[in-house]
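# Reading the structure
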Amino acid sequence: MLRGAAERSASAIAGIDIIEHRLPNGLRVLLSEDHNTPVAAVNVWYDAGSRHDPRGRTGLAHLFCMLMFQGSAQVRDNGHFELVQQAGGSLNGSTSFERANYFQTVPAHQLELVLWLEADRMGSLLAAVDDSVLERARDVVRNERRQRYDNVPYGDAFERLVELVYPQGHPYRHTPIGSNADRDAVTLEEARAFFRTYYTPDNTVLSVVGDIDPEQTLAWVEKYFGSIPANHHRPVPRSGALPDTMAVEQRRHLVEDVPNRALMAAYRMPHDGTRLCDAADLALTVLGGGESSRLHNRLVRRDRLAVSAGFGLLRLVGAPSMAWLDVKAVGDATAGEVEAIEAAVNEELARFAAEGPLPDELERAQAQLEREWLDRLGTVAGRADEFCRYAVLFGDAQLARSALGNLLDITAEEVRDVAAHFLHRENRAVLTYEPRADGWYQSAGRAEA
């Protein structure tokens, strides 16, 4: 049954046309028609992620996710948001370890407006960036950090695990948001230099997907982007090469203001774009991808030691990917019960490494990842994003056509082998959380009692 569905999915993806162009200034343009709904998605990927942050300036790449919405030569202050939203569109931006992207979906007749807006900030952002604009962007990121990292339970977990998995000085050792101290130290000239280096057409992929006329769309792209100069002197990014596994387990115990004890762990995993990475994704889905997974069944349903248990994969191209285990213990769990959770995790991973997935587990995991993949390709915005991803990270947007077929072709033996090689104690960093006795959650619990 799954194979038939996979063949239909692969056939549907193969039917998606991706028209590619490259402007003389190096801008790569991807166009794909879809006349089912009268909308168009515009996605711009810059090869400018946190791995490009200069030493001592973590968070600089992410800072531009705010600066890009602070105005340009022709569009002042919050004008980019206002114009797109007034046109009936939606928009946002994000930064990861390996890229920055900016995306909009608008009624198809507003496409030219969005292309002009994107070209204006690529070509003239620095005309609007001064010290006050830089400080305003810093304030936005400080608030973001407080909301997502500093003032939420377990908010520092991902950051701490990244620091344990990647060694000192490694370009992936800090999360994209960076530190407040490094961000506050960024000067206006450093910000301007980063923009001149990375926000150039020859470091960019622009995709437009939806109810478009490719010929007219390309004419607009050439009109608005064609005169923006390239930068032929970009430095080579620092290497993220590492051994594929760690040699010694790393551990940290944290006593913090959290509601429950917790066990978290991270493992180095295969690079994205490889068959091994697809096998790893399937292994983690069987082990911790949802309420039918092995770890959820063992820790939450059977042993009743945890309220949640999940295992996910951060895919990376320029460095080993990272698997992230996240188990929250029941509210009254003792230290001994957290030890029992870890022993159960070790037991389940060892069994999986020895035996691999059962046929129905592999089929379910492939169906789950297939659905997630088709959900992304089911919208013009999702397609525009995936086309950019494959073009920027792997150099070929057409690889999006074969990605799902590659995933569904993975065998149970490959899944078992990747688990045996990567999901063991030596290749992991472990965090254990313990609630503070005088913490807010503990105090609130006593007050309610």
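Residues numbered from 1 in each chain as written. Predicted model: local features only at pLDDT ≥ 70, side-chain atom pairs only at ≥ 80, totals over all residues. Heavy atoms only, no water.

In terms of regular secondary structure, the protein chain is built from 17 helices and 11 strands. Relative to the compact-globule value of 22 Å for 449 residues, the protein chain shows a C-alpha radius of gyration of 23 Å, a close match. Over its C-alpha atoms, taken along the principal directions, the protein chain stretches across nearly 65 × 55 × 45 Å. Burial status across the protein chain gives 54% buried among its 449 residues. With the model as given, the accessible surface of the protein chain reaches about 19,100 Å², and the carbon-plus-sulfur share is 50%. (Helix = DSSP H or I, 4+ residues; strand = E, 2+ residues; numbered from the N terminus. Rg over C-alpha atoms; globule rule 2.2 N^0.38 Å. Buried < 20%, exposed > 50% of the residue type's maximum accessible area, 1.4 Å probe, protein only. Areas by Shrake-Rupley, 256 points an atom, 1.4 Å probe, with all protein chains shown as cover.)

Moving on, we come to the nonpolar core. Of all hydrophobic cores here, the largest spans 54 residues; its most connected members are Phe64, Tyr102, Tyr199, Leu206 and Phe225. The element contributing the most residues to this core is helix α2 (residues 60-67), with 7 residues. Counting residues in hydrophobic clusters, the runner-up holds 41 residues, among them Ala283, Val286, Leu325 and Val430. (Core = buried A, V, L, I, M, F, W, Y, C linked by side-chain atoms within 4.5 Å.)

Let's shift gears to the sheet that holds strand β2 (residues 28-33). Strands sit in the order β1-β2-β6-β3-β5-β4 across an open sheet of 6 strands; the sheet is mixed. The open sheet has two edge strands with one neighbour each: β1 (19-22) and β4 (90-95). Averaged over all pairs of adjacent strands, the angle between strand axes in this sheet comes to 15°, irrespective of strand direction. Examined bridge by bridge, β1 and β2 share 4 bridges and lie antiparallel to one another. (Pairing = 2+ DSSP bridges. Axes fitted to C-alpha atoms, helices over the stretch in contact; angles between N-to-C directions.)

When the terminal C-alpha atoms of helix α14 (residues 380-394) are compared, their 21 Å separation across 15 residues agrees well with the 21 Å that a helix rising 1.5 Å per residue should span. Buried residues dominate α14, accounting for 12 of its 15 residues. Buried-residue contacts for α14 involve β2, β3 (39-46), β6 (204-210), α13 (359-377) and α15 (403-408). At the exit of α14 stands glycine 395, carrying a positive phi of roughly 80°. (Expected span 1.5 Å × (residues − 1). Contact = heavy atoms within 4.5 Å.)

Attention shifts here to the packing of aromatic side chains. On inspection of all chains with the given rule, the structure shows 18 aromatic pairs. Judged by centre distance (5.9 Å) and plane angle (75°), the rings of tyrosine 46 and tyrosine 102 are edge-to-face. Of this pair, tyrosine 46 sits in strand β3 while tyrosine 102 sits in strand β5 (residues 100-107); the two residues are 56 residues apart in sequence, bridging distant segments of the chain. Pair check on accessibility: tyrosine 46 and tyrosine 102 agree, each one buried. Plain terms: the ring middles of tyrosine 390 and phenylalanine 394 are 5.4 Å apart, the flat faces sit at 35° to each other, and that makes the pair tilted. In this pair, tyrosine 390 and phenylalanine 394 both sit in helix α14, 4 residues apart, roughly one turn of the helix. Given a relative accessible area of 8%, tyrosine 390 falls into the buried group. Taken together through their ring pairs, the aromatic side chains of Tyr46, Phe64, Phe69, Phe81, Tyr102, Phe194, Phe195, Tyr198 and Tyr199 make up a single cluster. Over the ring of tryptophan 45 we find arginine 99; its NZ or CZ atom is 4.9 Å from the centre of that ring. The ring of tyrosine 390 carries arginine 389 above its face, with NZ or CZ at 4.6 Å from the centroid. (Phe/Tyr/Trp six-rings, centres within 6.5 Å; stacked < 30°, edge-to-face > 60°. Lys NZ or Arg CZ within 6 Å of the ring centre and 35° of its normal.)

Pairing in this open sheet of 5 strands is mixed, and the strands run β7-β11-β8-β10-β9 from one edge to the other. Edge positions in the sheet fall to β7 (250-256) and β9 (306-314), since each has one partner strand and no second. Sheet twist, expressed as the mean angle between neighbouring strand axes with direction ignored, is 10°.

This paragraph deals with the pairing of strand β10 (residues 321-329). With respect to burial, β10 is a largely interior element, 7 of its 9 residues being buried. With 8 bridges joining them, strand β8 (residues 262-269) and β10 adopt antiparallel strand pairing. Bridge pairing in β10 places leucine 263 opposite valine 327. Where β9 and β10 come together, 8 bridges link them in antiparallel fashion. The residue bridging leucine 314 from the neighbouring strand is methionine 322, located in β10. Connecting the antiparallel pair β9 and β10 is a turn made up of 6 residues.

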